[in-house]
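Structural overview for review
These are the residues of each chain, in order.
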Amino acid sequence: MKVIFDTDPGIDDAMALLYLSKLAEVELLGITTVVGNADIATTTRNALFLRQQFDISAPVIRGAGETLDGVSKPEPVIVHGVNGLGDIKIPAVSEDGLQAGTASQFIIDTIRAHPGEVTIIAVGRMTNLALALRQDPAIAGMAKQVIIMGGAFGYQGRSGNISPAAEANIHGDPVAADEIFAASWKVVVVGLDVTHDIILTSDYLATLSAEVGANGELLAQMSDHYAKFYMNVMGLAGVVGHDLLAVTYLLHPEWFETREGPVVVLTEGIAAGQTIQMPSTRKNGPSPWADRPAQLVCIAVEAEKVLQHYRATLSR
Ligand code: BDR
Ligand code: CA
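From a predicted model like this one, the values you see are computed outputs, not experimental measurements. (Residues numbered from 1 in each chain as written. Chains lettered and ligands numbered in written order. Predicted model: local features only at pLDDT ≥ 70, side-chain atom pairs only at ≥ 80, totals over all residues. Heavy atoms only, no water.)

Close to ligand 1 lie D12, D13, N37, H80, V123, M149, N161, E167, A168, N169, H242 and D243, which account for all nearby residues. Between ligand 1 and the protein, one listed contact pairs an oxygen atom with a side-chain N or O atom of H80 at 3.0 Å. Between ligand 1 and the protein, one listed contact pairs an oxygen atom with a side-chain N or O atom of D243 at 2.6 Å. Surface burial for ligand 1 is 94%, taken as the share of its 280 Å² of free accessible area covered by protein chains. Residue assignment for the shell around ligand 1 shows that the elements contributing at least two residues are α1 (11-22), α6 (168-172) and α11 (242-251). Split into classes, the residues belonging to the shell around ligand 1 amount to three nonpolar, five polar and four charged. (Near = heavy atom within 4 Å. Polar contact = N/O pair within 3.5 Å; in protein donor to acceptor, adjacent residues only side chain to side chain. Areas by Shrake-Rupley, 256 points an atom, 1.4 Å probe, with all protein chains shown as cover. Helix = DSSP H or I, 4+ residues; strand = E, 2+ residues; numbered from the N terminus. Nonpolar A, V, L, I, M, F, W, Y, C, P; charged D, E, K, R; others polar.)

Okay, the coordination of the calcium ion (ligand 2) next. Those protein atoms acting as donors to the calcium ion (ligand 2) are D8 (OD), D13 (OD), D13 (OD), V123 (O) and D243 (OD), and they sit at 2.3 to 2.6 Å. Look at where the donors of the calcium ion (ligand 2) fall in the sequence and you get D-x4-D-x109-V-x119-D. Of the two residues, D8 sits in the loop between β1 (2-7) and α1 while V123 sits in the loop between β5 (118-122) and α5 (127-135), which places them 115 residues apart along the sequence. Of the two residues examined, D8 and V123, each falls in the buried class. (Donors = N, O, S within 2.8 Å, 3.2 Å for Na, K, Ca; no water. Buried < 20%, exposed > 50% of the residue type's maximum accessible area, 1.4 Å probe, protein only.)

This part takes up the nonpolar core. By size, the foremost hydrophobic cluster in this structure holds 68 residues, and its most contacted members are I121, L200 and Y310. No other element matches α1, which puts eight residues into this core. Those residues in contact with L200 that lie beyond four places of it in its chain are M15, L205, G238, V239, G241, L244, L307 and Y310. Core analysis: the next-biggest nonpolar cluster, separate from the first, contains 35 residues, A130, I170, A176 and V263 among them. (Core = buried A, V, L, I, M, F, W, Y, C linked by side-chain atoms within 4.5 Å. Contact = heavy atoms within 4.5 Å.)

With mixed pairing, nine strands are arranged side by side in an open sheet as β4-β3-β2-β1-β5-β6-β7-β13-β10. Where the open sheet ends on each side, the last strands, each with one partner, are β4 (98-99) and β10 (256-261). The pairing of strand β6 (residues 145-149) with strand β7 (residues 187-190) spans four bridges and is classified as parallel. Looking across to β7, one finds that I148 is bridged to V189. Contacts from helix α7 (residues 174-182) reach β6, β7 and β13 (295-301), with the element oriented near 130° to β7. (Pairing = 2+ DSSP bridges. Axes fitted to C-alpha atoms, helices over the stretch in contact; angles between N-to-C directions.)

On to the packing of aromatic side chains, then. The full count for this structure, using the stated rule, is four aromatic pairs. Here the aromatic rings of Y226 and Y230 are separated by 5.0 Å at their centres, their planes lie at 70°, and the arrangement is edge-to-face. You can see Y226 and its partner Y230 sitting in helix α10 (residues 214-234), four residues apart, about one turn around the helix. Overall, Y230 belongs to the buried group, its relative accessible area being 3%. (Phe/Tyr/Trp six-rings, centres within 6.5 Å; stacked < 30°, edge-to-face > 60°.)

Where α1 contacts α11, the axes come no closer than 6 Å and their chain directions differ by 30°. Here α11 runs roughly parallel to α1, going by the angle between their axes. From α1, D12, D13, M15, A16, Y19 and L20 reach across to α11, where they touch H242, D243, L244, V247 and T248. A per-class count over the contact of α1 with α11 returns six nonpolar, two polar and three charged. (Parallel < 35°, antiparallel > 145°, perpendicular 65-115°, else oblique.)

This next bit is on unusual backbone geometry. Cis peptide bonds are those with omega within 30 degrees of zero, and the linkage from P9 to G10 qualifies with -15°. Along the chain, G10 turns up in the loop between β1 and α1. Of note, D55 is a non-glycine position whose phi angle comes to about 60°, a positive value.

If you want it as structure tokens, here you go:
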């Protein structure tokens, strides 16, 4: 399975990247970066660090530092730390793995080089993907699928994290996200409705450290900071593995229940970033949803299977 990983590392992004790197089924073609959990220089540096640390051969390609909505947002230091990786010590990183060019051009070129074969797993703001689509709309018909971590549709009372109405990746660039949902490619949405079922407790992280070795230990160290946020702000014992769940979907879609239907994003106002799906079973007249392709929103997941699979994969 050919994959482009579009990311803003980010602690849970690091969890997802280590997972991807261990999956024999996956051929990772590139890691594209975007502003989000930190500025673009920092997320790109973090991607280079993780690439080196996890012994990944795929290149890193720098992506968008500004979002398409033109609104700059504060960095989520309280969640991911000042350096984006829970303020662990990051050594000086060589730029050897950095490929010239932009993320959006890389996405276009890679999809065109392998028509029908490339899956994009996007776990940050969707700016790079939207830029690629604007430049070359035909790629929508040439990608295999786009799996995103983002959005919240109200299942189990989950309607947002950065605001009561919005999830952070969508809120970070609602204009880009709306363009992604409107395009004629297969989008699978792995949002808060399912990611909040993936809780990595301190016991689970300790097991990862013991079983996986240095990289498991690294994830556990980063998670110290992340765990404080979840405990202090959400009263949750453990950390949420948002981004890793988008990777699980690639391998095991049968562990997810989905709902089909077009999706619209509110792009401005107090609820900017809210994601709303019209189920395909509902036949309304003309509406902002009517001309859009049906996309798949994950509404339930077999969380225990995911946590077992993650642990077993990392221990390989
Ligand atoms: C998403 O926002 C980021 O902080 C995480 O890395 C994840 O992709 C969760 O809302
Ligand atoms: Ca992320």
